[in-house]
Protein chains: 2
Amino acid sequence: MRNLMVELADRRYPIAIGQHLFDDHALMTRHIASRQVMIVTNEVVAPLYLAKVSAHYEDRQLEVIILPDGEAFKTMDSAMIIFDRLLQKKFSRTAHLIALGGGVIGDLAGFAAACYQRGIPFVQMPTTLLSQVDSSVGGKTAVNHPLGKNMMGAFYQPKAVIADMTTLSTLNDRELAAGLAEVIKYGLIRDLEFFEWLEAHMEALVARDPEALATAVERSCQNKAMVVALDERETGERATLNLGHTFGHALETGLGYGAVLHGEAVAIGTLLAADLSSRLGYLEVADIDRIRRLLIRAHLPTTVPEGLSPEEFLEHMAVDKKNVEGQLRLILLKRIGEAHLPMSVESGLIKQTLVSAIALHRPQGSL
Amino acid sequence: MRNLMVELADRRYPIAIGQHLFDDHALMTRHIASRQVMIVTNEVVAPLYLAKVSAHYEDRQLEVIILPDGEAFKTMDSAMIIFDRLLQKKFSRTAHLIALGGGVIGDLAGFAAACYQRGIPFVQMPTTLLSQVDSSVGGKTAVNHPLGKNMMGAFYQPKAVIADMTTLSTLNDRELAAGLAEVIKYGLIRDLEFFEWLEAHMEALVARDPEALATAVERSCQNKAMVVALDERETGERATLNLGHTFGHALETGLGYGAVLHGEAVAIGTLLAADLSSRLGYLEVADIDRIRRLLIRAHLPTTVPEGLSPEEFLEHMAVDKKNVEGQLRLILLKRIGEAHLPMSVESGLIKQTLVSAIALHRPQGSL
């Protein structure tokens, strides 16, 4: 087991990364100090891991909520299902909540924990690559709105993150690839050495080589923990973690939640951000190709799916959280391994990127 | 104008108290730094003060939401109405929200501000005595759940509180009295001198003498600001501000939100807490009578309304936020002017208080 710490101004919490962590009773009970425990999970994860995880809390007042799978269920309605049960069962402010699943479950359960009685403790137990390397760490919680992704939420840190990498063996290929999009992101925005390592080891990662995956998860979490420690509330550098996300969120919202996976949308968005970076003179065309090649080797989509006009795309980008009063602000790359802080970009230029991406890629087929 | 500061670990914000503050353009714009402004108010307050307040933001992108009046509308559904509009109008993370109204509007708009894009700035403009002396200060925001009051919320501080005492002239007598319940609370839990001042000036307060009201609001806010500065997240002393509130919330939830005003429920709850304090040997019976006399002079109800059995009452108390894993915890008085930190109280004893209150008072009529 490898242990990292997320160091915040007023507290710190551990990330445990390793094999068979869900079997480690000492670890699984160390951060759950309450007699009242609720596990929030989904219909895909429950048959695989719920029994194993629940077994550690048999002596508690244990409640389980199993939601349908998918981004479409990361809603305030789902949060209300959690609140209803917590109140029906008279769960107090000392009760602990466990998020067992991918990014959707972690974001949703974390938001519910942030709001219930103005905040109860919760532990992240991420079961997808994407949630292990990104969404479970750092305390961003949220639910979606039909008009924008993650629009209602809270900065609310977990007590601990327990990333059992054994769960990656049951992940389908598409989910694995989606996680790799966020892994590649860390290389692009701040860690050239890691990007080069990924170029050397992508086939091993896709083949789920345990050593390669462990390195990728740990290095990603190190990067994430460092950025979050510097800037918990995203007043500066943390925004660079959103490379490709403004385009990506617009795709997710515009096509309907669940049509593309979040990681897939980020991969496509990353290439659009790279294109825009080159239009502004930062990246060479060769850099864009280098990024595209790595995404393709990770089995990620690299073309914009049909269904959104450039105008609709821009409309959805207009509600991004980085924007300021109608002015679009994006994360661009200075070079591979270094991102800019959010920059205002003229919408005409963004439209050029969108028009060319949609015109170029559509004839070749999409997702 | 009198100015107080709320001093927190990582920031401070002002409370402005005075006459005609809503006419003071410099003050009304000092804390509203955005081009995008939303005012949340209700159907009672809007005809009285919305035009005056809006006038300061004519050069902004101004949105107004007018909700129905009353505790029954402090819900997640109302919060969703705010989120919907913010997104439809593409309000960014720099947009400012104004809560113009009483405690319901302040708690609801504050919660919406806490959640929207994980937090946007907001300013409290309280228009009732209760919200000026209590709910607008200190950053507790929430919405109600059918099973419990304030069960979904956030600790989220406003940028500023602007308490225009002129608004108290339009308050109906019942709302004025409800505010006095929270004023009396400060005397009871930590400020004997203030309690004695209230005993000397209650008729002036009920007659809305501006000097007396100004003193009461300022002294209450001083007490509140001091307690919040010591314990923002309610790990200790802040819980004493909940004197009478566990009983009071049970009354509000049990009778249906809006059947009694929050301040009325707190008055009744305060007497129940005093009764329980005397059963535990802290207060003399003469102290209970002294408290009851002051509440009566404030035109507050002092008997438990019909509609709840002692068992139902206890059931609703079981979801209070101070409870720990099913054990009821209450704020009791050591003496007039000093409260205990939350204490576990055996439910049999609480039931004695409830049975005797319900048996004693019902024949004499209720609210």
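Quick caveat: nothing in here was measured; it's all calculated off a predicted structure. (Residues numbered from 1 in each chain as written. Chains lettered and ligands numbered in written order. Predicted model: local features only at pLDDT ≥ 70, side-chain atom pairs only at ≥ 80, totals over all residues.)

**Digging into the overall build of chain A**
Looking only at helices and strands, one finds 13 helices and 13 strands in chain A. Relative to the compact-globule value of 21 Å for 367 residues, chain A shows a C-alpha radius of gyration of 20 Å, a close match. Across its three principal axes, chain A shows a C-alpha extent of roughly 60 × 40 × 40 Å. Counting over 367 residues, chain A shows a buried share of 54%. (Helix = DSSP H or I, 4+ residues; strand = E, 2+ residues; numbered from the N terminus. Rg over C-alpha atoms; globule rule 2.2 N^0.38 Å. Buried ≥ 20, exposed ≤ 12 C-beta atoms within 10 Å, placed from the backbone.)

**With respect to the interface of chain A and chain B**
Where interface size is given, it is often the accessible area lost as the parts come together that is meant. Each partner contributes residues to the interface: chain A has 33 residues there, and chain B has 32 residues. Listed by contribution, the elements that provide at least two residues to the side of chain A that touches chain B are α3 (76-88), α4 (103-115), β7 (140-145) and β8 (148-155) of chain A. In terms of residues, the side of chain A that touches chain B owes the most to one element, β8 of chain A, which gives six residues. (Contact = placed C-beta atoms within 7 Å.)

**Some points on α4 of chain A**
Residues and elements named next belong to chain A. Over its 13 residues, α4 extends 18 Å from the first C-alpha to the last, a length consistent with the 18 Å expected when each residue adds 1.5 Å. Within α4, 13 of the 13 residues are buried, leaving the element largely enclosed by the surrounding structure. Of the residues trailing α4, Q117 is marked for its positive phi of about 50°. (Expected span 1.5 Å × (residues − 1).)

**Observations regarding the sheet that holds strand β1 (residues 2-7) of chain B**
Residue and element names in this part refer to chain B. Taken together, seven strands build an open sheet; the order of strands is β1-β2-β9-β6-β5-β3-β4 and the sheet is mixed. At either margin of the open sheet sits one strand with a lone partner, and together these are β1 and β4 (61-67). Taking each pair of neighbouring strands and ignoring which way they run, the sheet shows an average axis angle of 15°. Note that strand β5 (residues 96-101) and strand β6 (residues 122-126) share five bridges and pair parallel. Paired with I98 across the strands is V123, a residue of β6. Along the sheet, helix α2 (residues 46-54) makes contact with β3 (36-42), β4, β5 and β6, crossing β3 at roughly 165°. (Pairing = 2+ DSSP bridges. Axes fitted to C-alpha atoms, helices over the stretch in contact; angles between N-to-C directions.)

**Observations concerning helix α6 (residues 173-190) of chain B**
End to end, α6 of chain B covers 27 Å across 18 residues, agreeing with the expected 26 Å (1.5 Å per residue, within 8%). Along α6 of chain B, 15 of the 18 residues are buried, which leaves the element largely enclosed by surrounding structure.

**Side note on the relation of the copies chain A and chain B**
Note that the two copies of the chain are related through a rotation about an axis and a translation along the same axis. Expressed as a screw operation, the relation of chain A to chain B combines 0.0 Å of axial shift with a rotation of 180°, fitting to an RMSD of 0.0 Å. On this basis, the relationship between the two copies can be described by a two-fold rotation axis. The residues that chain A uses at the interface reappear at the interface of chain B in 97% of cases, marking a shared surface. (Least-squares fit on C-alpha atoms with pLDDT ≥ 70 in both.)

**So, the domain arrangement of chain A**
All names here are of chain A. We note that the domain assignment places domain 1 (2-170) and domain 2 (173-364) within chain A. Just the C-alpha atoms count here: the centres of domain 1 and domain 2 sit 25 Å apart. Counting residues at the interface gives 30 residues for domain 1 and 29 residues for domain 2. Of all the secondary-structure elements, those providing two or more residues to the side of domain 1 that touches domain 2 are β1 (2-7), β2 (12-18), α5 (129-135) and β8. Grouping the constituent residues of the side of domain 1 that touches domain 2 by class yields 16 nonpolar, nine polar and five charged. (Domains from an automatic or database assignment. Nonpolar A, V, L, I, M, F, W, Y, C, P; charged D, E, K, R; others polar.)

**What to know about the nonpolar core**
Looking at soluble globular proteins, one finds that nonpolar side chains tend to be buried together. In terms of nonpolar packing, the biggest core is built from 238 residues, with V40, L97, I98 and A112 of chain A together with V40, L97 and A112 of chain B touching the most fellow members. Beyond its immediate chain neighbours, meaning those up to four positions away, L97 of chain A contacts M38, V40, A109, A112, A113, I120 and F122 of chain A. (Core = buried A, V, L, I, M, F, W, Y, C linked by C-beta atoms within 7 Å.)

**Notes on unusual backbone geometry**
Residues and elements named next belong to chain B. Despite not being glycine, R208 has its phi angle at roughly 60°, a positive value. Classification of R208 as partly exposed rests on a count of 15 C-beta atoms within 10 Å. The backbone phi angle of E325 is positive, close to 50°, even though this residue is not glycine. When you line up the elements, E325 lands in the loop between α12 (310-317) and β10 (329-330).

**Looking at the sheet that holds strand β3 (residues 36-42) of chain A**
Residues and elements named next belong to chain A. The strand order β1-β2-β9-β6-β5-β3-β4 describes an open sheet built from seven strands, whose pairing is mixed. Looking along the sheet, the strands with just one partner apiece sit at the ends: β1 and β4 (61-67). Ignoring strand direction, the axes of neighbouring strands in this sheet form an average angle of 15°. Pairing geometry for strand β6 (residues 122-126) and strand β9 (residues 160-164), over two bridges, is parallel. Within the sheet, the bridge partner assigned to Q124 lies in β9 and is V161. On the sheet, helix α2 (residues 46-54) packs against β3, β4, β5 (96-101) and β6 and is oriented at approximately 165° with respect to β3. Its contacts with the sheet put α3 on β3 and β4, and the angle it makes with β4 is roughly 160°.

**Brief notes about the confidence of the model for chain A**
Mean pLDDT over chain A works out to 95, with 98% of the residues at or above the 70 mark. Both confidence scores are given for the complex: pTM 0.95, ipTM 0.95. (pLDDT = per-residue confidence, 0-100.)

**Here we look at the pairing of β6 of chain A**
Residues and elements named next belong to chain A. Counting buried positions along β6 yields five of five residues, so the element is predominantly enclosed. Of the two faces of β6, the one carrying F122, Q124 and P126 and the one carrying V123 and M125 are both buried. For the crossover that starts at β5, traverses α4 and ends in the parallel β6, the hand is right-handed. (Right-handed = clockwise from strand over helix to strand, strands pointing away.)

**Observations concerning the pairing of β7 of chain A**
Counting buried positions over the six residues of β7 of chain A gives six, a clear majority of the element. What sits between β7 of chain A and β8 of chain A in their antiparallel hairpin is a turn of two residues.

**Considering the packing of helix α9 (residues 245-255) of chain A against helix α12 (residues 310-317) of chain A**
All names here are of chain A. For the pair α9 and α12, the least separation of the axes is 8 Å and the interaxial angle reads 110°. With respect to α12, the element α9 is oriented roughly perpendicular. On the side of α9, the interface is formed by T246, A250, T253 and G254, while α12 contributes E312, F313, H316 and M317. (Parallel < 35°, antiparallel > 145°, perpendicular 65-115°, else oblique.)

**What to know about the environment of A109 of chain A**
All names here are of chain A. Locating A109 in the fold gives a position in helix α4. A count of 30 C-beta atoms within 10 Å places A109 in the buried class. Distance in space between the C-alpha atoms of A109 and V40 is 6.5 Å, their sequence separation being 69 residues.

**Considering the packing of helix α7 (residues 192-206) of chain A against helix α8 (residues 210-230) of chain A**
All names here are of chain A. Two numbers describe how α7 lies on α8: the axes approach to 10 Å, and their chain directions differ by 145°. For the element pair α7 and α8, the recorded crossing hand is left-handed. Only A212, L213, A216 and R219 of α8 make contact with α7, whose side of the interface consists of F194, H201, A204 and L205. (Left-handed = near helix turned anticlockwise from the far one by under 90°.)

**Some thoughts on the environment of A204 of chain A**
Residue and element names in this part refer to chain A. Inspection of the secondary structure puts A204 in helix α7. C-beta crowding within 10 Å serves as the criterion here: with 15 such atoms nearby, A204 is assigned to the partly exposed category. Linking A204 and P305, residues 101 residues apart in sequence, is a C-alpha distance of 28 Å.

**What about the environment of E252 of chain B?**
Residue and element names in this part refer to chain B. Looking at the element boundaries, E252 is found in helix α9 (residues 245-255). Overall, the presence of 26 C-beta atoms within 10 Å leaves E252 in the buried class. Taking the C-alpha atoms as reference points, E252 and H316, separated by 64 residues in sequence, lie 9.4 Å from one another.

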